[in-house]
Amino acid sequence: MLLTLIREGLSTYRRPIAAVVLLQLLATVAALFLPSLNADIIDNGVVTGDIGYIWRFGGLMLAVSLVQAACTITAVYFSARTAMGFGRDTRARVFHQVGTFSTREMQEFGAPSLITRDTNDVQQVQMLVLMGGTIAITAPIMMVGSIFMAFREDAGLSWLIVAVVPVLAVSIGLIVRKMVPSFRLMQTRIDEVNRLLREQITGIRVVRAFVREQHETERFAHANAELTEVAVRAGRWMAAMAPVVMLVANISTVGVLWFGGHRVESGAMEVGALTAYISYLMQIVMSVMMATFMMMMIPRAAVCAERIMEVLRTDSSVVPPADPVTASAERGTVALEDVDFSYPGADVPVLRNVSLSAGPGRTVAVIGSTGAGKTTLINLIPRLFDATAGRVLVDGVDVRDLDPESLWSRIGLVPQKAFLFSGTIASNLRYGKEDATEQEMWEALEIAQARDFVEALDEGLEAPVSQGGTNFSGGQRQRLAIARAVIRRPEIYLFDDSFSALDLATDARLRAALAPVTREATVLVVAQRVSSIRTADEIVVLEDGEVVGRGSHESLLVDCQEYREIVESQLSAEEAA
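Everything numeric in this text was worked out from a predicted model, so none of it was measured.

Asks: Please set out the sheet that holds strand 11 (residues 538-543) residue by residue, giving values where relevant.
Replies: Ordered in space as 6-9-10-3-11-12, the six strands form an open sheet in which the pairing is mixed. The open sheet has two free edges, formed respectively by strand 6 (411-414) and strand 12 (546-551), since each of these has just one partner strand. Going from strand to strand, the sheet's axes swing by 15 degrees on average, the running direction of each strand aside. Set on the sheet, helix 19 (residues 561-569) makes contact with strand 3 (363-368), strand 11 and strand 12; between it and strand 11 the angle comes to about 95 degrees.

Rendered as structure tokens:
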């Protein structure tokens, strides 16, 4: 998965990558050339006392060092730009893929996990790409070159290299093998910490209202401790790498000095060659250490890449049609024909054999007990889910055959949880209609019974809205969400329990203001409160996902026991209205 993700992400950066490889090759060759020059200076300059030779080859060493520095700096520059571009592109790919998900996929992954995958996980792979351009290219070239140059200096000591390299490789391999499970578990624990943190911040009012701060603190502390535990375990193995490498390096250096000293004494080797040999041995060890550093990053990056690819390889259960229908003869009609819906792996369907129809100028209401499937039914119309059986028709066309943009442009949806985006009131209203004028915004606010409290704000339409609209009350958020739907004047209005946070008087005024606006449109309303739907042209009663009654308010009071029970449970509220 890691190689696949990197290959796909870097496919558009071939030229910068080629430049990095070339520059790192030149820098490494220059680094390999320096110990040999130093050996020549010692053997032919220092030993013989030739000051001119020392100056000439010392200047050459300085020039080679400058070339090495220039190539390395330029390579790091291109590598950094490539890695940052890879991170940007991968985040965009994940974001756009998540944008295609239906509600089903969103529920399967969960918002905290998706946030982690698009931020922390991408960052881990991005860092690997950066290190790959600066270290992974250099390490193998330096190792092979150093081994060759060491053999060139003195073949008699080469058995030390043959012994050292396998020992280092086996030691590092064992450590990396222990690290991979810890890194895999670490990402899951990060998801859990993010989930709890997001949950507690969002629900801070509930936590305080029920005096559960201590309980939530303990929950977070437990999740944090679990993350710390696995991070420390992985850190211990990471910390073991450098001492192991240095131990092998120091032992091998002692070996070179011991055996090399005997060879110098016997005249089989020059002092300069011994110095160069030690330098090349250190370069071999350095290349192994660089490879070790990469090895430390690869396990965690591999786990992150798997999580990223899981998102990128997950197809939405709501698939756009191959040959979408963009126009139809009917306008503003909605029909459900024998619709069933089941969540994956569920034993019992949420909806069973549901049929209803609505057309322009008609209001159809759906009511039922909690968990009856009302919201699921509404979500099938804008195709947030696809029915598992039966058909959902908009303007006489199956929604699975309609062009998604065409479908959504006909619908004004007010979801069960009124959600506002950070920005201003005006920017939120323009989500409904991008080119809405100030007059249109005020009209929509007046219909939604929101004009009074917006006018009372110092900034008016430009009043700031915090993330999720948390600086407004629940009723204010609902009214702003209704205004956002009304401003676009859609053919089909979908109100999913959109009046639940309003007092009865405001609810009545809002419905009265909506009546002339929606006179020519199709209106579907999901409600818990009978007062919000009693004047609907047709009321559909759901119970356990099945239609158990349909008709007007008066007829259902006579014919439908379930509806009568709902009305009786709210009787005192109805009388108060």
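The discussion continues.
Asks: Residue-level account of unusual backbone geometry, with values.
Replies: The residue Arg-489 is not glycine, and still its phi comes out positive at about 50 degrees. Relative to the elements of secondary structure, Arg-489 occurs in the loop between helix 16 (474-486) and strand 9 (492-496). Taking relative accessible area as the criterion, Arg-489 reaches 43% and is therefore assigned partly exposed. Although it is not a glycine, Asp-497 adopts a positive phi angle of roughly 50 degrees.

Asks: Break down the nonpolar core for me, citing the residues and quoting the values.
Replies: The nonpolar side chains of soluble globular proteins are, as a tendency, buried together. Counting 49 residues, the largest nonpolar core has Ile-425, Leu-445, Leu-461, Leu-480, Phe-495 and Tyr-563 as the members making the most contacts within it. Top contributing element to this core by residue count: helix 16, with six residues. Within the second largest apolar cluster, 32 residues are counted, among which are Ala-83, Val-98, Leu-114 and Val-311.

Asks: Tell me about the pairing of strand 1 (residues 334-341), and name the residues and values.
Replies: Put simply, side chains in a regular strand alternate between the two faces of the sheet. As paired elements, strand 1 and strand 2 (residues 351-358) share five bridges and run antiparallel to each other. Residue pairing in the sheet places Val-334 in a bridge with Ala-358 of strand 2.

Asks: Which residues make up the environment of Asp-496, and what values do they have?
Replies: With respect to the helices, strands and loops of the structure, Asp-496 is situated in strand 9. Measuring from C-alpha to C-alpha, the distance between Asp-496 and Leu-524 comes to 8.3 Å, with 28 residues separating the pair along the chain. Dropping the residues within four chain positions of it, Asp-496 is found in contact with Thr-375, Ile-378, Val-414, Pro-415, Gln-416 and Val-526.

Asks: Give a detailed account of the sheet that holds strand 2, specifying residues and quantitative values.
Replies: Strand order in the open sheet made by the four strands is 2-1-4-5, with antiparallel pairing throughout. The sheet terminates laterally at strand 2 and strand 5 (397-398), the two strands that pair on one side only. When strand 1 meets strand 4 (residues 389-394), the two strands line up antiparallel, connected through five bridges. When the bridges of strand 4 are listed, Glu-337 appears paired with Arg-391.

Asks: Outline a nonpolar patch on the surface, listing residues and values.
Replies: A cluster of nonpolar side chains, contributed by Leu-22, Leu-25, Leu-26 and Val-29, occupies part of the molecular surface with about 330 Å² of accessible area. Looking at the secondary structure, you find Leu-25 in helix 2 (residues 14-46).

Asks: How would you summarise a negative patch on the surface if you had to cite specific residues and measurements?
Replies: A surface patch of negative charge is lined by Glu-438, Asp-458, Glu-459 and Glu-462. On the accessibility criterion, Glu-438 (52% relative accessible area) is exposed.

Asks: Lay out the confidence of the model for the protein chain in plain terms, naming residues and giving numbers.
Replies: For the protein chain, mean pLDDT is 84; residues scoring 70 or higher make up 98% of the total. For the protein chain, helix 20 (residues 571-576) is the element with the lowest average pLDDT, namely 46, and helix 14 (residues 438-447) is the one with the highest, namely 92.

Asks: So what's going on with the pairing of strand 11? Residues and values would help.
Replies: Extensive coverage of strand 11 is indicated by the burial of five of its six residues. Where strand 3 lies against strand 11, five bridges are found, and the strand directions are parallel. For Gly-368, the partnering residue across the bridge sits in strand 11 and is Leu-542. Strand direction decides the pairing type here: strand 11 and strand 12, joined by five bridges, are antiparallel. In the strand pairing of strand 12, Ile-539 is matched with Gly-551. What sits between strand 11 and strand 12 in their antiparallel hairpin is a turn of two residues, with Asp-544 showing a positive phi close to 55 degrees.

Rules of the game
- Residues numbered from 1 in each chain as written.
- Predicted model: local features only at pLDDT ≥ 70, side-chain atom pairs only at ≥ 80, totals over all residues.
- Heavy atoms only, no water.
- Pairing = 2+ DSSP bridges.
- Helix = DSSP H or I, 4+ residues; strand = E, 2+ residues; numbered from the N terminus.
- Axes fitted to C-alpha atoms, helices over the stretch in contact; angles between N-to-C directions.
- Contact = heavy atoms within 4.5 Å.
- Buried < 20%, exposed > 50% of the residue type's maximum accessible area, 1.4 Å probe, protein only.
- Core = buried A, V, L, I, M, F, W, Y, C linked by side-chain atoms within 4.5 Å.
- Patch = residues over 30% accessible without salt bridge, like charges linked within 9 Å, V, L, I, M, F, W, Y side chains within 5 Å.
- Areas by Shrake-Rupley, 256 points an atom, 1.4 Å probe, with all protein chains shown as cover.
- Salt bridge = Lys/Arg side-chain N within 4 Å of Asp/Glu carboxyl O.
- Lys, Arg positive; Asp, Glu negative; His and termini not counted.
- Charge placed at Lys NZ, Arg CZ, Asp CG, Glu CD.
- pLDDT = per-residue confidence, 0-100.

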